[in-house]
Every structure is written in C-alpha cells, then in structure tokens.
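Spelled out from the first residue to the last, the chains are:
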Amino acid sequence: MKKKHKLYLRINLVSLFFIIVSFISVTLAWFAYSGMSNLSTEIDVKAWYITLENNGEEVSNEVVISLTDVYPGMETLNEIIKINNLGDSDATVKYSIVSSRILGNPEDNYIIDETIKSEYVEDLLAHEYPFHLNINLSKNYVLSKGEETEFEVSISWPLDSDHDSLDSLWGSEAYKYQLSEINKKKDNEDYNIKPAIQIVIKITAEQYLKEDDSSDTKYNLGDEILFDVVNNQVCTEINETCLSTYVIDVDNKMGDDKVTLLPNPKKTYLNTTFNNYQSDYELITNDWITDTRPLVVNDILKIISKDIENSMLIRNELSDAIIGNLNYNDRIEDIKNKTINYNGYYQFKNLKFDYLISDSCYLTNSEYALDTAFIIKKTDENHSIVYGENKTISCNLIPVIIANKSNL
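This one's a predicted model, so the numbers in the text were calculated from it and none came from an experiment.

## Notes on the overall build of the protein chain
Here is step 1 of the chain: Counting secondary structure elements, the protein chain contains six helices and 25 strands.
Here is step 2 of the chain: Counting across all 408 residues of the protein chain, residues that qualify as buried make up 49%.
Here is step 3 of the chain: The long-range share in the protein chain, meaning contacts at least 24 apart out of those at least 6 apart in sequence, stands at 70%.

## Comments concerning the packing of helix α5 (residues 297-304) against helix α6 (residues 331-341)
Here is step 1 of the chain: Contact geometry of α5 with α6 gives a least axis separation of 11 Å together with a crossing angle of 105°. In terms of orientation, α5 lies roughly perpendicular with respect to α6. From α5, Val 297, Asn 298, Leu 301 and Lys 302 reach across to α6, where they touch Ile 332, Glu 333 and Lys 336.
Here is step 2 of the chain: Partitioned by chemical class, the residues of the contact of α5 with α6 number three nonpolar, one polar and three charged.

## Quick word on the nonpolar core
Here is step 1 of the chain: In this structure, Leu 261, Ile 300, Ile 304, Tyr 346, Phe 348, Leu 356 and Val 386 are the most contacted members of the largest nonpolar core, which totals 50 residues.
Here is step 2 of the chain: If one sorts the elements of this core by residue count, α5 sits on top with five residues.
Here is step 3 of the chain: In contact with Val 386, other than residues within four places in its own chain, are Val 297, Ile 300, Ile 304, Tyr 345, Tyr 346, Phe 348, Phe 374, Ile 375 and Ile 376.
Here is step 4 of the chain: By size, the runner-up hydrophobic cluster in this structure holds 38 residues, among which are Ile 50, Ile 135, Leu 137 and Ala 205.

## Some remarks on the environment of Thr 51
Here is step 1 of the chain: Assignment of secondary structure puts Thr 51 in strand β2 (residues 50-54).
Here is step 2 of the chain: Classification of Thr 51 as buried rests on a relative accessible area of 2%.
Here is step 3 of the chain: The spacing of Thr 51 and Asn 85 is 34 residues in sequence and 6.5 Å in space, taken between C-alpha atoms.

## Remarks on the confidence of the model for the protein chain
Here is step 1 of the chain: Mean pLDDT for the protein chain: 86, with 87% of residues reaching 70 or above.
Here is step 2 of the chain: Note that residues 1-45 has pLDDT below 50 and, in this model, 98 contacts with residues that lie over four places away or in other chains.

## What about unusual backbone geometry?
Here is step 1 of the chain: Residues other than glycine seldom take positive phi values, yet Lys 145 does so here, at roughly 50°.
Here is step 2 of the chain: Following the sequence through the fold, Lys 145 ends up in the loop between β9 (141-142) and β10 (149-157).
Here is step 3 of the chain: Even without glycine at this site, Asn 329 takes up a positive phi of about 45°.
Here is step 4 of the chain: Mapped onto the elements of the fold, Asn 329 is located in the loop between β19 (321-322) and α6.

## Some details on the packing of aromatic side chains
Here is step 1 of the chain: Summed over the entire model, instances satisfying the criterion amount to 13 aromatic pairs.
Here is step 2 of the chain: On the numbers, 6.5 Å between centres and 80° between planes, the contact of Tyr 110 with Tyr 120 is edge-to-face. Taken together, the positions of Tyr 110 in strand β7 (residues 109-111) and Tyr 120 in helix α2 (residues 118-127) put the pair 10 residues apart, joining distant regions of the chain.
Here is step 3 of the chain: Of the residues examined, Tyr 110 reaches a relative accessible area of 12% and is grouped as buried.

## Section: helix α4 (residues 277-285)
Because each turn of an α-helix spans 3.6 residues, side chains separated by three or four positions in sequence point in the same direction.
Here is step 1 of the chain: Residues of α4 that are buried include every one of Tyr 277, Asp 280, Tyr 281, Ile 284 and Thr 285, and no others. Each buried residue of α4 lies within a common arc of 130° when the element is viewed along its axis, so the set occupies one face.

## A few points about the sheet that holds strand β14 (residues 242-247)
Here is step 1 of the chain: With respect to topology, six strands assemble into an open sheet ordered β13-β12-β14-β15-β25-β17, the strand pairing being antiparallel. Edge positions in the sheet fall to β13 (233-234) and β17 (291-293), since each of these pairs with one other strand and no more.
Here is step 2 of the chain: Pairing geometry for strand β15 (residues 258-263) and strand β25 (residues 400-404), over four bridges, is antiparallel. Bridge pairing links Leu 261 to Ile 401 in β25.

## Digging into the pairing of β15
Here is step 1 of the chain: In terms of burial, β15 is largely enclosed, as five of its six residues are buried.
Here is step 2 of the chain: Where β14 and β15 come together, three bridges link them in antiparallel fashion. Residue pairing across strands places Val 247 opposite Leu 261, the latter belonging to β15.

Thresholds applied
Residues numbered from 1 in each chain as written. Predicted model: local features only at pLDDT ≥ 70, side-chain atom pairs only at ≥ 80, totals over all residues. Heavy atoms only, no water. Helix = DSSP H or I, 4+ residues; strand = E, 2+ residues; numbered from the N terminus. Buried < 20%, exposed > 50% of the residue type's maximum accessible area, 1.4 Å probe, protein only. Contact = heavy atoms within 4.5 Å. Axes fitted to C-alpha atoms, helices over the stretch in contact; angles between N-to-C directions. Parallel < 35°, antiparallel > 145°, perpendicular 65-115°, else oblique. Nonpolar A, V, L, I, M, F, W, Y, C, P; charged D, E, K, R; others polar. Core = buried A, V, L, I, M, F, W, Y, C linked by side-chain atoms within 4.5 Å. pLDDT = per-residue confidence, 0-100. Phe/Tyr/Trp six-rings, centres within 6.5 Å; stacked < 30°, edge-to-face > 60°. Arc of directions from axis to C-beta. Pairing = 2+ DSSP bridges.

Have a look at this one:
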C-alpha cells in the first residue's frame, strides 16, 4: 500500500455536546394534549415526562455535533442518547437535522427549509463526504414506562477509501480553516473559534396517535411470531406448519395491513442452489396458504444497516466502511453497485441480529454477478456475512411470508 501524506485535523469527542440540560415538562404536555383534541369533548390531563440521557446525565432535545478533530483512519466515534418515557402516555419519537456547516464553505452549509430536506442532508453526510456521519433511532416511539429508545450517532473516516485526492483535498482545506480560525482569534481575543464541522439535530417527542403513518408497536423489527403457513394464522406451538418467524419490516406502520416475516433461518426448509431457486421455492410453498415471496438481499441490507457502528462494507485493499444510512432514494442500489464493483461483501454482528443467524448458509434470490448470487453465512461466533457465492453452491432456501395483520 503506498504511503500517504495527508493533512488533517484531529477530533475531540466532546464532539457531541448538548446545549441545555432539560426535560419536557408536565405543563408542556398539558398544552400538547389540549391542542390535539379530537371527537371527544373531554380530554384527560396526563403526566408527560420524557427524559433524554447521555452517560446517565439528562440532556437537551437539541444535539450539537461539533467536529474539531476528524481525520482519515480515525477510530469510529459513537454516542448514544437513551430516551425514556416516565409519563402516562406513549410517545412518538422523531429526529431531524436543523443545520449543517462544513468548513464555512457556503456550498457545504445547509439550513433545513422548504427546499432542503433533512433526509437529503442526512444522506449527504453519510455518503458524500470523506468522513461519514450516520444517525439511527432504534424505534420511532417510546412506550409509557416501557423499554427505552436509543438515538445514536457515529462518525468515521476510513483511511483508504479509494479517494486519495479527495481525502488530501479535505485534509488541506481543514488545515487552512483551522489556521484561519486561529488567526481570527489572534486578531480579536473576543472571537470564538468555530469548529470545522457543526451539525445541529433536533429530537422531538409527541403524543403517540394511532394514525396510518405511525409505527405499529405490535410489529417491531426482530419480534418473534409463531405463524401457521397452512392455516394462515397465528399459532401457539411449533410444528411442521407452525413456524417460528421474525418481523423483518424495518418500520411497520399502522396503515400497513400486512407484515413481512422471515421463518427462523436455523431451521432447514430445503437445501438447493440459486439455479434451482424458483422451482424449489414453489415446491416449499406449494401447500402454504399464506402469501409469500423470495428473500432478496435488500431485505437483509435494510436490517443490518441500522447498526451504524458495526455493520461494515468490506472490500479488498480498501479500508472497511460502515454501511450506514440506506433510506434515501436509490442509495441502497448505489451501495450494492459499489460492493459488486470491488468484489466486496457485508459483515454484521450476530448478537445484534440473532434472528438472521444460521449455522448453515442460506440463499437470497438476488444476483451478485453473472455466476454468483448473494448468500448469508455465519463466519464465526461473532459475525455473519452477506457475500457473492457461486450459483451452484447448495444452501437453505427460506421463503418470506407476507401475513395479513387480521390473521395475527
């Protein structure tokens, strides 16, 4: 590997610091409730108490990420805010980017408004700069006195990303910016040095309402459901037709009338090859009454990309890179093309996604290249991979179930 000479600035992770230590008060909740009156003329006044905690300390709902020490090859930095609901009502949790400023360059400064959307800027920060900033919310709600939700941010900069010129350019620009800020401070002692990169994110909690676009609290990613594929209904005891299945919808909504289920990968359904996929898929599901479809690699990528610290894109002679946010437009196709072009693969942690783990390989119905297909395989006790394997290899075929919620 050729030696690199790169200018860079270092990062100090009080990179995430929080402006005001506070929580949403009971008084605020009363106004929230009274402002949401529906058909009922009487509204119960309930206690509203949402806390946001970082390392045990309560923090504000506005998060400022200040990067003053970020450089190629840095160790991935990760911060988690735990969101607890100590009140009497369930809450919907959301986040949005308020602004993003990078090196003071006007073309790299973003203020969220009617024309610039938070999702667009989030995608740029995750994929279009040499450094990668990724955001994840474990669940889009937090139940009253229930399990906490986690808001997570990770920051990384792979040492060798195959963009040496871009890395050097950004390192040089960052160095110039740092000198400029230091000189401004020398000229004016009252001047406050601005960080090279600053992103402001707002976390909000609102009363949970059972609307079509609200997350369905009954069907969380990874939840186990026993489902009888012949009787097309939920069941209570595992047997030949009553299967252990897991929800693989990343965010099933109240307005969705169906839920997507993956039968337990640890069970063998039928060992076959990719070349025989369609005929053997029909053989497995011939007696199944429920709706089904083939498993595709996008199903797996959408799930494992939610781990913004450990799910990696791995390519020969390049540094490992966090897969990151794949929610915007065609980003998932872009990542797949980048993987295939470099003969790469994806790695994820078994402990994080235990419902995807199998001691034997299993197929997807997605081509990797002309003679290869995407396959999932456990490599050791800690990791599994999603990679391209010859279409002639024999692996487990697992149909995906599309179950009507009315049958659950």
